[in-house]
Amino acid sequence: MTQRDQGNKRLLGEVFREMIDRRGLRQKAVAERVKLTESSLSNILNGHSRPRQVTLSRLIRELDATREEQQRILAAYDHTEAAGLSERPSNPEDPIPPDEIERVERYMETKSMAITFQEDVEKILRSSGHAFEHPHRQGALICDFLIMGPPRVALECKFNVNRDWDRTTASVDLLRKHLGLEAVLVVVPYENDASKDAETRVAQHGGRIVVVAEVAHTLNGLMTGKEAD
């Protein structure tokens, strides 16, 4: 383990420790409020373990983190995940906390809607008559749909238009370069400010953001060499 990785692991604990000290709280009291043992909280603060997401949410809520503090916490949490720090193990005899059940229910609901959205895109492709692979894998790369063409076009379905546009842009760049594509269409259910803000960045890397209702029209324009309006 490099010194930098170890520093990243400790960063999250340092952020929480500073917040606790700044608020004049005792670690024992904070542990009770977030339903942890004092030793478990100590492991998090000392960089020996990474809190589960439900615990992370409780700490943020119970410490009444400011927006700036929340940003520091989430950035530090990403570092601990990238560095491979394990989560604090749970007691198998403990009941699943209600807020964890609620979080998973929201996740499953979003996942279900994302799958349904992808199925809707597949129906459009089938009705348009374009031959495609779903999904298409090449080594470590994968895209939701690949139209062999010519032109050769990949489609990536993005149900959540409010987040992860940097990752989407990087995906477009990788797919375009390594799959020999003419274009990458990022299919979204609707446009909003976030998707509009991302249009230029996505376009610079060979992609195009397309609402699902315009997929067939856009593909026809690409196939006939006529740009869609």
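Residues numbered from 1 in each chain as written. Predicted model: local features only at pLDDT ≥ 70, side-chain atom pairs only at ≥ 80, totals over all residues. Heavy atoms only, no water.

1. Notes on the overall build of the chain
Stage number 1. A tally of helices and strands in the chain yields nine helices and seven strands.
Stage number 2. Out of the 229 residues belonging to the chain, those deemed buried represent 38%.
Stage number 3. Long-range contacts, defined here as pairs at least 24 residues apart, represent 62% of the contacts in the chain between residues at least 6 apart.
Stage number 4. Roughly 13800 Å² of accessible area belongs to the chain as shown, and the carbon and sulfur atoms make up 47% of that amount. (Helix = DSSP H or I, 4+ residues; strand = E, 2+ residues; numbered from the N terminus. Buried < 20%, exposed > 50% of the residue type's maximum accessible area, 1.4 Å probe, protein only. Contact = heavy atoms within 4.5 Å. Areas by Shrake-Rupley, 256 points an atom, 1.4 Å probe, with all protein chains shown as cover.)

2. Topic: the packing of helix α7 (residues 165–178) against helix α8 (residues 193–204)
What describes two packed helices is the angle between their axes and the distance between those same axes.
Stage number 1. The N-to-C vectors of α7 and α8 enclose an angle of 30 degrees; their axes lie 10 Å apart at closest approach. Classified by the angle their axes make, α7 and α8 are roughly parallel. Between α7 and α8 lies a crossing whose hand is right-handed. Counting all contacts with α7, which are made through Trp-165, Asp-166, Thr-169 and Val-172, the residues of α8 involved are Ala-194, Ser-195, Ala-198, Arg-201 and Val-202.
Stage number 2. Grouping the amino acids of the contact of α7 with α8 by side-chain chemistry returns five nonpolar, two polar and two charged. (Axes fitted to C-alpha atoms, helices over the stretch in contact; angles between N-to-C directions. Parallel < 35°, antiparallel > 145°, perpendicular 65-115°, else oblique. Left-handed = near helix turned anticlockwise from the far one by under 90°. Nonpolar A, V, L, I, M, F, W, Y, C, P; charged D, E, K, R; others polar.)

3. Observations regarding the sheet that holds strand β1 (residues 132–133)
Stage number 1. Taken in spatial order, the five strands make up an open sheet running β1-β4-β5-β6-β7, and their pairing is mixed. Every other strand in the sheet has two partners, leaving β1 and β7 (207–211) as the edge strands with one partner each.
Stage number 2. Examined bridge by bridge, β1 and strand β4 (residues 145–147) share two bridges and lie antiparallel to one another. Bridge pairing in β4 links Glu-133 to Leu-146.
Stage number 3. Sitting on the sheet, helix α9 (residues 215–224) is in contact with β4, β5 (153–157), β6 (183–188) and β7, with an inclination near 140 degrees to β7. (Pairing = 2+ DSSP bridges.)

4. Here we look at the nonpolar core
Stage number 1. Counting residues in hydrophobic clusters, the biggest one holds 20 residues, and the most contacted among them are Leu-12, Phe-16, Met-19, Leu-41, Leu-56 and Ile-73.
Stage number 2. The greatest single-element share of this core, amounting to five residues, is contributed by helix α1 (residues 3–22).
Stage number 3. Counting residues in hydrophobic clusters, the runner-up holds 16 residues, among them Val-121, Phe-132, Phe-145 and Val-187. (Core = buried A, V, L, I, M, F, W, Y, C linked by side-chain atoms within 4.5 Å.)

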